[in-house]
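Letter by letter, the chains look like this.
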6 protein chains.
Amino acid sequence: MGYYVARRIPRDPRDQEWAARLSQFGVATVSEAQFKTGIMLPRIRPIQQGAAIAGRAVTAVCAPGDNLMVHVALEVIQPGDVLVVGSWAPMPNGVFGELLATGFKAHGVAGAVLDAGVRDTEAIRRLGFPVWADHISAVGNTKEIPGWVNRAVTVGGVLVQPGDFVVADDDGVVVVPRDSVEEVLARAQARVDKEAGTRQRFERGELSVDFYNLHPVLAQLGIEYREEAE
Amino acid sequence: MGYYVARRIPRDPRDQEWAARLSQFGVATVSEAQFKTGIMLPRIRPIQQGAAIAGRAVTAVCAPGDNLMVHVALEVIQPGDVLVVGSWAPMPNGVFGELLATGFKAHGVAGAVLDAGVRDTEAIRRLGFPVWADHISAVGNTKEIPGWVNRAVTVGGVLVQPGDFVVADDDGVVVVPRDSVEEVLARAQARVDKEAGTRQRFERGELSVDFYNLHPVLAQLGIEYREEAE
Amino acid sequence: MGYYVARRIPRDPRDQEWAARLSQFGVATVSEAQFKTGIMLPRIRPIQQGAAIAGRAVTAVCAPGDNLMVHVALEVIQPGDVLVVGSWAPMPNGVFGELLATGFKAHGVAGAVLDAGVRDTEAIRRLGFPVWADHISAVGNTKEIPGWVNRAVTVGGVLVQPGDFVVADDDGVVVVPRDSVEEVLARAQARVDKEAGTRQRFERGELSVDFYNLHPVLAQLGIEYREEAE
Amino acid sequence: MGYYVARRIPRDPRDQEWAARLSQFGVATVSEAQFKTGIMLPRIRPIQQGAAIAGRAVTAVCAPGDNLMVHVALEVIQPGDVLVVGSWAPMPNGVFGELLATGFKAHGVAGAVLDAGVRDTEAIRRLGFPVWADHISAVGNTKEIPGWVNRAVTVGGVLVQPGDFVVADDDGVVVVPRDSVEEVLARAQARVDKEAGTRQRFERGELSVDFYNLHPVLAQLGIEYREEAE
Amino acid sequence: MGYYVARRIPRDPRDQEWAARLSQFGVATVSEAQFKTGIMLPRIRPIQQGAAIAGRAVTAVCAPGDNLMVHVALEVIQPGDVLVVGSWAPMPNGVFGELLATGFKAHGVAGAVLDAGVRDTEAIRRLGFPVWADHISAVGNTKEIPGWVNRAVTVGGVLVQPGDFVVADDDGVVVVPRDSVEEVLARAQARVDKEAGTRQRFERGELSVDFYNLHPVLAQLGIEYREEAE
Amino acid sequence: MGYYVARRIPRDPRDQEWAARLSQFGVATVSEAQFKTGIMLPRIRPIQQGAAIAGRAVTAVCAPGDNLMVHVALEVIQPGDVLVVGSWAPMPNGVFGELLATGFKAHGVAGAVLDAGVRDTEAIRRLGFPVWADHISAVGNTKEIPGWVNRAVTVGGVLVQPGDFVVADDDGVVVVPRDSVEEVLARAQARVDKEAGTRQRFERGELSVDFYNLHPVLAQLGIEYREEAE
């Protein structure tokens, strides 16, 4: 239970393909494919618009006000991974700024998800390194307090284990447990296939109560139709 | 008091003209014209920038976590109307996504105001269907729990009755009671007429304390002028 | 302790140069240069993207729901200054709108920082007058309740004294006490000089644990390296 | 739509009996009896423990920071009524204190529900006048800004019309529309009758899945029983 | 990944003794003994004062607005266990009330921890069944939506696995991973032994800077002593 | 601007008498006597009921997650003083617990006001040392990061300078600037003298609109009396 840095996370030869498919499905579809679970709370928001990423989570567990373990995470993170930062209490600081973003981008990291603040947002947007964070704060950090790299941590209300897949876009962030990727991809694909036809029928004006055959449900629930609102 | 769907809301032949004028006046002016009342809390925010709409409210009152009644609302909503979604408790889910947006847009609906979450935000922005919501959440819904269509409901801290006019832009959302539209339009017009000249005088550098003749007010309130700050 | 308007704030012949340098350094660097202090809470956010300002604070201390003292502040504010609005309790209204923005812009004011709401946000963005605020609200104001101009006030959790320098950009707002400007500028410059080389080395892939020589720190803290995550 | 004071609210000869029964049923039972609707948000909390009241709502609609209309409400309120205070924007002040509590208690008022702050809480508890409020704040008020007495207003996210019944206890506050009291009382009684037997059976250890016959529901939902947790 | 109920959680013959010692140490000491981790966010608060419990977690994972799985949890929970309720999105309802408390108490359950609302608080306090919850809400529930019993779930920002020990008192709630109990107990005991002497010395007026020998630390950090505050 | 500990704060021979009178007046009256200013935000709440204190502020400015400077404050604090703890960013930890409370009580300190968390609340209540805090958290601290003792700091949204008087009771906390004590006491006394008679007249049923002569105000504001609510 003492402080540590774990160098390796679970990986798979198909990681790159899986990441591509997960980011294309997007957060909403992926979360549906795992029974709505794994979605971070809405307070974890993107600082840019239009970015969509997916990758293995490398986690840094930091003390409030300190980002020592983020620096250490850069030692072990691999291209395509996603940096995930959490703590054992709310993180009031801007734990990640332009210099760190430069470093993680230089190492091919896909993006960062922070249950903490971010700073230098304008510079990071210019750099093209996508970040999801709890808030924006210019408050700096110490680099003095121990923590962990690649220990499980709760971020945005969701458990992230090292090697889980993290999917993030304008709708927020969803975590896919590392052992469920294939199952989730299959279910997401089935959902997307079904929705393609749905969209076309809705564009042509078909009512969703008809499409989903909801009238029997409404009747059974005792919902009455009236002519006029009060 | 049992669950129901009311097919019709109060309407007026001048609705289209009224909606055009209300959206042009905008939220700030319309709210002033009704004694500052009817403005939703700041937590109801647009997911896009620059949209400005107005239209009759069709309300869907849903259970937390369920959007069955939103689907039913599509049966009775008319072109130019605004979908308004509320509940009897906070709505943690993304109650409205791309498929529903496609359906409501296909029926000519002006936009949606949700005391709930929205998802598929990037796709909805691309679709050009304007949405104001409490938060962004990818969490999906059931379609199983009864509620009401076109029952009065509180949204963003403001009562919305079916057929009220809803006006929304980058400043948020204001509700104009259905019986007050003409009175409010008249007062808004008077205000705008007055402000046109004001703006020009402010652009030329006239002080607002002079323009509004505030010095006698300041004197009566006992506000003293000093040379130096402490 | 009675209500007053102080006409003059501390100034310096080098104000314009100082403002230029502070806004160029930006909020994150300036705050580091004063030991992380002076940063407003993250709830004070810009309504635009990419603006960066700095200037002397002229403060208006208003009653909740009233903006009389903002109008009075326009009498005493000078080109390049920053309007700062606070209260003795949370300010629920949109205390600042297009007409006031027009007036302050006409007088060459650099921008406004409000521990309150702002309205007419679309128009203010078009006008090009930068604003940082607690929230967006269309709720209007009275002009009837006394307060102060150029009295010290807490805004976004930070004390602002009249004549302090206010620096604001996409990362938020930081306040530099009026007697510390030169000291802070010197420390900020030293930091920026040092960071220039750092950035290049990070771009080339140098690890920050090596650059900052953190391995001895990690060893002393008892952080152990393991091969595998659990 | 101009400012007004309405002297009379709808009343009924059975008000006293209805109030007694509603307060005895309590907030949780009454809300169930009206399909979960009418419950104020959890932020409206009691400042005392163990109080339970019910009575007709007399509403005061005040400007933020001002309590003029609360003073006016005392002119028209009757013994057994409940004072309800709301606004068109969040109310940051302590709108109600010991002196007002003394006045309302002297007139036989049952209690107060405030979408605002309360102050002098220790003295009010000693006085024995029950209050539910959004927060505790010592910030005082002006008595200068117009509003309404006995206009409909949203309080704690729920519409309150003058003459509605307000029921409040340690679980919060629920509003019973003035035309629904008898219907709600009947449904609440039925519920209580049913629950009396339930409680006894639960005390003896009967499982609620058996009592409510939930196993067929579980089977239909596809919920599987396993021996071991992961 | 489909919905399920796991009947058994990890247990140990020493559970009763461990629970007694953990609840006696209390939340603050236990959390220190596991490197500050495992503490739920401050929003999870007791509805009573002075209760202190510890026991194995039996988890119910419910849909927002539904408490079906809480009823099912009663089938598998054992005397001395702690009921833990979470969801995949915020739970706006009062998921637990007097009837359920009666049932769980009848089965010897130690208490309940809810990332949700609680209702019937006065009755539950009278019953003597301790509850920690996110908020108080009278809003009722459906019993229709599937979930899990004894699946891992995040509650108050902390992962709870079935069979983890949950410790709760007036300071909040801490979770001890099921495999760490002995290690944590040992470390907690060591800490308590050390603190006993500390308390006596502090009572006699010894300064903590002397007791902890902090003056060398202060000197190394460059903290200067001055005679006068500014 | 470097880190420091200031040993002395401004004091006055009449401090003990002033403290007694301020705590007797209480937070609501004292704040009125200084134009409503100086009241901390409602989030700073007492952990006990019925305590009322006043005393000179000794401030500890700590890093988030660290309480080193609280220990140092005990070196310089005097009997009757109030400990005030703040930071340059939100403080997520329980910065003050039983051991520290034991130490400060042993030195005759009147109480503590924390813009941070408190822990060991049950033990501190038993000890009889009154505390006002932002929240309750069992999360512990490091003692490693520099800060200041007796530097000005914003706490609960209000500036506290070393030597200011802090008044705290069930209504929260108000800060009296050190140079204003006599002026504030005089105004508070005048207010209390006036209120004594008021209370009696309100107890006898006199209406506050009559007592304050508000009918002319109502007439001038154009508030109309009607017979019936809508």
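About the criteria used
Numbering of residues starts from 1 in every chain and runs along the sequence as written. Ligands are numbered from 1 and chains lettered from A, in the order in which they are written. Thresholds applied to this predicted model are a pLDDT of at least 70 for local features of residues and 80 or more for the giving and counting of side-chain atom pairs; totals over whole chains, interfaces and linings are not thresholded and use all residues. To get the side-chain values, take all heavy atoms of the structure and skip hydrogens and water. Numbered from the N terminus, helices here are DSSP runs of H or I no shorter than four residues, and strands are runs of E no shorter than two. To sort residues, take the accessible area from a 1.4 Å probe on protein chains only and compare it with the maximum for the residue type: under 20% means buried, over 50% means exposed, and anything in between is partly exposed. Between two residues, a contact is recorded if the distance between any of their heavy atoms is within 4.5 Å. Summed over both partners, the accessible surface that disappears when two parts come together, traced with a 1.4 Å probe, is what is meant by buried area. Salt bridge criterion: a side-chain nitrogen from Lys or Arg within 4 Å of a carboxyl oxygen from Asp or Glu. Pairing of N or O atoms within 3.5 Å defines a polar contact, subject to two protein rules: one partner must be a possible hydrogen donor and the other a possible acceptor, and residues neighboring in sequence count only if both atoms are side-chain atoms. Under the convention adopted here, Pro, Cys and the residues Ala, Val, Leu, Ile, Met, Phe, Trp and Tyr are nonpolar, Asp, Glu, Lys and Arg are charged, and Gly plus all remaining residues are polar. A pair of strands counts as paired when DSSP detects no fewer than two bridges linking them. Least-squares superposition of the copies uses the C-alpha atoms of those residues scoring a pLDDT of at least 70 in each of them. In this description, a line fitted to the C-alpha atoms serves as the axis of each element, helices being fitted only across the stretch in contact, and the angle between N-to-C directions of two axes falls anywhere from 0 to 180 degrees. Angle categories: roughly parallel below 35 degrees, roughly antiparallel above 145, roughly perpendicular from 65 to 115, and oblique for all the rest. The sense of a crossing depends on the near helix, which, turned anticlockwise from the far helix by less than a right angle, makes the crossing left-handed and, turned clockwise, makes it right-handed. The set of buried Ala, Val, Leu, Ile, Met, Phe, Trp, Tyr and Cys residues whose side-chain atoms join them within 4.5 Å is what this entry labels a nonpolar core.

Some points on the overall build of chain A
Piece 1. Scanning chain A from terminus to terminus reveals seven helices and 13 strands.
Piece 2. Along the first, second and third principal axes, the C-alpha set of chain A runs to 70 × 45 × 40 Å.
Piece 3. Counting over 230 residues, chain A shows a buried share of 63%.
Piece 4. Within chain A, contacts between residues at least 6 apart in sequence are counted, and of these 75% link residues at least 24 apart.

Observations regarding the interface of chain B and chain A
Piece 1. Contact residues are listed per partner, giving 40 residues for chain B and 37 residues for chain A.
Piece 2. Buried surface at the junction of chain B and chain A, both sides included, amounts to about 3,500 Å², of which 57% is carbon and sulfur.
Piece 3. Viewed at the interface, chain A and chain B are joined by six salt bridges.
Piece 4. Across the salt bridge formed by Arg8 of chain B and Glu228 of chain A, the nearest N and O atoms sit 2.9 Å from each other.
Piece 5. Linking chain B to chain A there are 17 residue pairs in polar contact (both at pLDDT 80 or more).
Piece 6. Those elements that provide at least two residues to the side of chain B that touches chain A are strand E1 (4-8), helix H2 (68-76), helix H3 (98-106), helix H4 (121-127) and strand E7 (131-136) of chain B.
Piece 7. A breakdown of the residues in the side of chain B that touches chain A according to their chemical character gives 17 nonpolar, 11 polar and 12 charged.
Piece 8. Two strands pair when backbone bridges link them, and strand E13 (residues 224-228) of chain A and E1 of chain B are joined in this way by four bridges, in the parallel orientation. The partner of Glu228 of chain A across the bridge, within E1 of chain B, is Arg8 of chain B.

Regarding H3 of chain B
Piece 1. Judged by how many residues are buried, H3 of chain B sits mostly within the fold: seven of nine residues are covered.
Piece 2. Here H3 of chain B has its buried residues at Glu98, Leu99, Leu100, Ala101, Thr102, Gly103 and Phe104 of chain B.
Piece 3. Looking at the packing, one finds that the buried side of H3 of chain B touches helix H5 (181-203) and helix H6 (208-211) of chain A together with H2, strand E4 (82-87), strand E5 (94-96) and H4 of chain B.
Piece 4. One or two positions beyond H3 of chain B, positive phi appears at Gly108 of chain B, with a value near 80°.

A closer look at the side chain of Asp81 of chain E
Residue and element names in this part refer to chain E.
Piece 1. If you trace the backbone, Asp81 turns up in the loop between helix H2 (68-76) and strand E4 (82-87).
Piece 2. For Asp81, the side chain forms a polar contact with the main-chain nitrogen of Gln78, separated by 2.8 Å.
Piece 3. Excluding anything up to four places from it in sequence, Asp81 contacts Ile9, Arg11, Arg56, Val58, Val109, Ala110 and Gly111.

Here's the deal with the relation of the copies chain B and chain A
Piece 1. Taken as rigid bodies, chain B and chain A are interconverted by a rotation of 120° and an axial shift of 0.0 Å, the fit giving an RMSD of 0.0 Å. The relationship between the two copies is best expressed as a three-fold rotation axis.
Piece 2. A share of only 2% of the interface residues of chain B reappears at the interface of chain A, consistent with the copies meeting through non-equivalent patches.

Observations regarding the arrangement of the chains
Piece 1. Separated without contact, chain A and chain D have their nearest C-alpha atoms at a distance of 13 Å.
Piece 2. One finds no contact linking chain B with chain F; the least C-alpha distance across the pair is 13 Å.

What to know about unusual backbone geometry
Piece 1. The residue Asp120 of chain B is not glycine, and still its phi comes out positive at about 60°.
Piece 2. Among the secondary structure elements, Asp120 of chain B is positioned in the loop between strand E6 (111-118) and H4.
Piece 3. Unlike most non-glycine residues, Lys36 of chain D shows phi in positive territory, near 70°.
Piece 4. Topologically, Lys36 of chain D is positioned in the loop between helix H1 (15-32) and strand E2 (45-46).
Piece 5. Residue classification places Lys36 of chain D among the buried positions, given a relative accessible area of 15%.

Focus: the packing of helix H1 (residues 15-32) of chain A against H5 of chain A
Residues and elements named next belong to chain A.
Piece 1. Here H1 crosses H5 at 70°, and the two axes come no closer than 9 Å. One element, H1, and the other, H5, form an angle in the roughly perpendicular class. As for how H1 packs across H5, the hand of that crossing is left-handed. Here Trp18, Arg21, Leu22, Phe25, Thr29, Val30 and Glu32 of H1 lie close against H5, whose contacting residues are Val181, Glu182, Val184, Leu185, Ala188, Gln189, Arg191 and Val192.
Piece 2. Grouping the amino acids of the contact of H1 with H5 by side-chain chemistry returns nine nonpolar, two polar and four charged.

A closer look at the nonpolar core
Piece 1. By size, the foremost hydrophobic cluster in this structure holds 170 residues, and its most contacted members are Phe96 of chain A together with Phe96 of chain F.
Piece 2. Each residue touching Phe96 of chain F, except ones within four places of it in the same chain, is listed here: Val70, Leu83, Ala101, Phe104, Ala112, Leu114, Gly117, Val118, Arg119, Ile124, Phe129 and Val131 of chain F.

Notes on the relation of the copies chain F and chain D
Piece 1. Once turned by 120° and shifted 0.0 Å along the axis, chain F lies on chain D with an RMSD of 0.0 Å.
Piece 2. Little of the interface of chain F is mirrored in chain D, where only 3% of its interface residues are also at the interface.

Overview of the pairing of E6 of chain B
Residue and element names in this part refer to chain B.
Piece 1. Of all the eight residues making up E6, eight are buried; the element is thus mostly covered by neighbouring parts of the structure.
Piece 2. Where E4 lies against E6, four bridges are found, and the strand directions are parallel. By the bridge assignment, Leu83 is partnered in E6 with Ala112.
Piece 3. Bridging between E5 and E6 involves two bridges; their strand directions are parallel.

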